[in-house]
Amino acid sequence: MIGYYVHHQGRGHLHRAMCVARYTHARVTGLSSLPRPEQWTGEWIQLPPGTGPGAAAADPTAHGRLHWVPRHHAGLRARSAAVAAWIEGATPALLVSDVSVEIAVLARLMGVPVVISAMRGNRFDPAHRLAYDVADALLAPWPATFPEPHWSPQWLDKTIHTGAFSRNDGRTRPPRSPNEREVLVMLGAGGSELTADDVHEAAHATPGWRWTLLGGPGSWTDDPWDLLCRVTVVVTHGGQNAVAECAAARSPAIVLPQRRPHGEQHATARALAAGRLATVCERWPEPQEWPVLLETARRTGGGRWRLWAPGDGAIRAARLLDDLAAAHDDTGDLSCASQ
C-alpha cells in the first residue's frame, strides 16, 4: 500500500498523482482535501482542510522551522489526526508527499518511509531542508540534464529525475495547421496576475493572430489537449503541470513565470531558457512587443520539448514507488539502487 498526499492548490499536484497511480502495481490511496476525482480507481481519504475557521494563526511556522503549524488550530489538528489514523490503520509501505512538509514529517515520525515530489526554486529554508533531508527519495519531474542548481550531494544521491510528465503523455497529437496564426493563453487554477484587459491589448496589437484565453479571467476546459496541439503558439505560466502539457503537445510556447513562494516558476523558466525549449519573458510584455515574440516562438517551434518530456516520466516515477515499497516490504532497505 502506498499513500499519496495531494495538495489542494491548483490542479498540477492532482494531475501528477493520477498520472503516477495509473502505472503503479502497488495499491495507491489518495489523501487530500480535494474531492475524489472520478478517474481515481483506488481508495481516497477526504481530509479536513488544514486552514480556514479556527484559532488565530499564532506562530504558524513554529519559529521559522515549518510552513503551517499554527498553535491550537482546530483544522490543522483534525487534518493531522486523520492522516495519522489512516497510517495507523493502513500501515502503508510508503507515503508520497506532493507537497507538504508537515505531512511528510508526520509520516516519517510514524515510521513510514517518505518520497517527496520535489519542486524547483529556493528550497533551502529550514522547513524544506528538513523534509528533503528525511525523505528516502526525491522525485524530480524534470530531466537530469536541466538540474536544479546548488542541491547538495545528499539530495542528488537520492533523486530520481523522471523528466516532465503529464496526463497527455502517449496521446495522439492532432495535426497543427501551418497556415493558421492562433494563440492560446493558458492560465492555471492556482491563481494568476494577468487580467482579461492584458490579453485584449495583446490581441489588438497583433492583427492576423486569433487569441483564446483559458483559465484565470477566461473560460475553462478540463481537457485543452486539442487546442494545445492545434494552435500556433501557447502563452502560459511556468507551473510544472502547464509546462509539461505544452511539452507533451510539442507546442511552441512563450512562458511567463508568475510569482510563487520560493521562486518555483522563475526557476523553471530559467531552465527552459537555458535549454532553448521555449521563449521566456519575466513579465507580461507590452502590446508592441507581441508581434516579434509570437514570430520568435513560432520559428523556434516545439521540437526541443522532447528533451524536457521524453514521454515515460510517469512510468519511471511509478517504477520508483513500486521498487521502494517492495524493498520496504521485503527487507526494510530503502535504497535507490534501482534507478
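Residues numbered from 1 in each chain as written. Predicted model: local features only at pLDDT ≥ 70, side-chain atom pairs only at ≥ 80, totals over all residues. Heavy atoms only, no water.

Q: Could you clarify how one ought to interpret the confidence of the model for the chain in this entry?
A: Predicted coordinates in regions of low pLDDT should not be interpreted in detail. Of the residues in the chain, 95% have a pLDDT of 70 or more, and the chain-wide mean is 93. Residue range residues 331-339 is modelled with pLDDT below 50. Its contacts to residues more than four positions away, or to other chains, number 15 contacts. (pLDDT = per-residue confidence, 0-100. Contact = heavy atoms within 4.5 Å.)

Q: What exactly am I supposed to notice about the sheet that holds strand β2 (residues 28-32) here?
A: By way of backbone hydrogen bonds, the strands of a sheet pair with one another, either parallel or antiparallel. An order of β3-β2-β1-β4-β5-β6-β7 is seen for the seven strands of this open sheet, with the pairing classed as parallel. The two strands at the open ends of the sheet, each matched to only one other strand, are β3 (44-46) and β7 (159-161). This sheet shows a mean twist of 20 degrees between the axes of neighbouring strands, independent of strand direction. With five bridges connecting them, strand β1 (residues 2-6) and strand β4 (residues 94-98) associate as parallel partners. Directly across from Tyr-5, in β4, lies its bridge partner Ser-97. The strands touched by helix α2 (residues 74-90) are β1, β2, β3 and β4; relative to β1, the strand with the most contacts, the crossing angle is about 165 degrees. Packing of helix α3 (residues 101-109) onto the sheet brings it into contact with β1, β4 and β5 (114-117), and relative to β5 it is tilted by some 170 degrees. (Pairing = 2+ DSSP bridges. Helix = DSSP H or I, 4+ residues; strand = E, 2+ residues; numbered from the N terminus. Axes fitted to C-alpha atoms, helices over the stretch in contact; angles between N-to-C directions.)

Q: Explain the pattern of salt bridges to me, please; I cannot follow it from the model alone.
A: Two side chains carrying opposite charge are able to pair once their charged atoms lie near each other. On inspection of all chains with the given rule, the structure shows 10 salt bridges. Measuring nitrogen to oxygen at the nearest pair gives 2.7 Å for the salt bridge that ties Arg-120 to Glu-148. Taken together, the residues span a long stretch of sequence, with Arg-120 in the loop between β5 and α4 (126-134) and Glu-148 in the loop between β6 (137-140) and α5 (153-157) at a distance of 28 residues. When sorted by exposure, Arg-120 lands in the same class as Glu-148, which is buried. Note that Arg-230 is salt-bridged to Glu-182, the shortest N-O span being 2.4 Å. Remark: Glu-182 occurs in strand β8 (residues 182-186) and Arg-230 occurs in helix α7 (residues 225-230); sequence separation between them is 48 residues. Residue Glu-182 is classed as buried on the basis of its relative accessible area, which comes to 2%. Taken together, the shared-partner salt bridges connect Arg-181, Glu-295 and Arg-298 into one network. (Salt bridge = Lys/Arg side-chain N within 4 Å of Asp/Glu carboxyl O. Buried < 20%, exposed > 50% of the residue type's maximum accessible area, 1.4 Å probe, protein only.)

Q: Explanation requested: the packing of aromatic side chains in the structure shown.
A: What characterises a pair of aromatic rings is the spacing of the ring centres plus the angle enclosed by the ring planes. Within this structure, the stated rule accounts for nine aromatic pairs. Considering the side-chain rings of Phe-124 and Trp-155, the 5.7 Å spacing of their centres and the 5 degrees angle between planes classify their relative orientation as stacked. With a gap of 31 residues between them, Phe-124 in the loop between β5 and α4 and Trp-155 in helix α5 connect regions that are remote in the sequence. On the accessibility criterion, Phe-124 (24% relative accessible area) is partly exposed. Aromatic side chains Trp-151 and Trp-155 sit 5.6 Å apart centroid to centroid with 90 degrees between the ring planes, which places their arrangement in the edge-to-face category. Following the ring pairs from residue to residue traces out a cluster consisting of Phe-124, Tyr-132, Trp-142, Trp-151 and Trp-155. The lysine or arginine in question, Arg-120, covers the ring of Trp-142, its NZ or CZ lying 4.6 Å from the ring centre. (Phe/Tyr/Trp six-rings, centres within 6.5 Å; stacked < 30°, edge-to-face > 60°. Lys NZ or Arg CZ within 6 Å of the ring centre and 35° of its normal.)

Q: Please clarify how the side chain of Asp-98 should be interpreted in this entry.
A: Note that Asp-98 resides in strand β4. Taking the relative accessible area as the measure of exposure, Asp-98 reaches 0% and is therefore buried. Within the local environment of Asp-98, its side chain forms a polar contact with the side chain of His-13, the two groups lying 2.8 Å apart. In this structure, Asp-98 is in contact with Tyr-4, Tyr-5, Val-6, His-7, His-13, Arg-16 and Ser-117, ignoring residues within four places of it in sequence. (Polar contact = N/O pair within 3.5 Å; in protein donor to acceptor, adjacent residues only side chain to side chain.)

Q: I would appreciate a short explanation of the side chain of Arg-123 in the present structure.
A: Residue placement: Arg-123 occurs in the loop between β5 and α4. A distance of 2.8 Å separates a polar side-chain atom of Arg-123 from the backbone oxygen of Arg-120. If we skip the residues at most four places from it in the chain, Arg-123 touches His-128, Arg-129, Tyr-132, Trp-155, Pro-261, His-262 and Glu-264.

Q: Can you walk me through α2 in this structure?
A: Along an α-helix, a turn takes 3.6 residues, which lines up residues three or four apart on a common side. For α2, with 17 residues, the first-to-last C-alpha span of 24 Å sits near the 24 Å given by 1.5 Å per residue. Taken together, the buried residues of α2 touch β1, β2, β3, β4 and α3. Two residues or fewer past α2, Thr-91 is found with a positive phi of approximately 45 degrees. (Expected span 1.5 Å × (residues − 1).)

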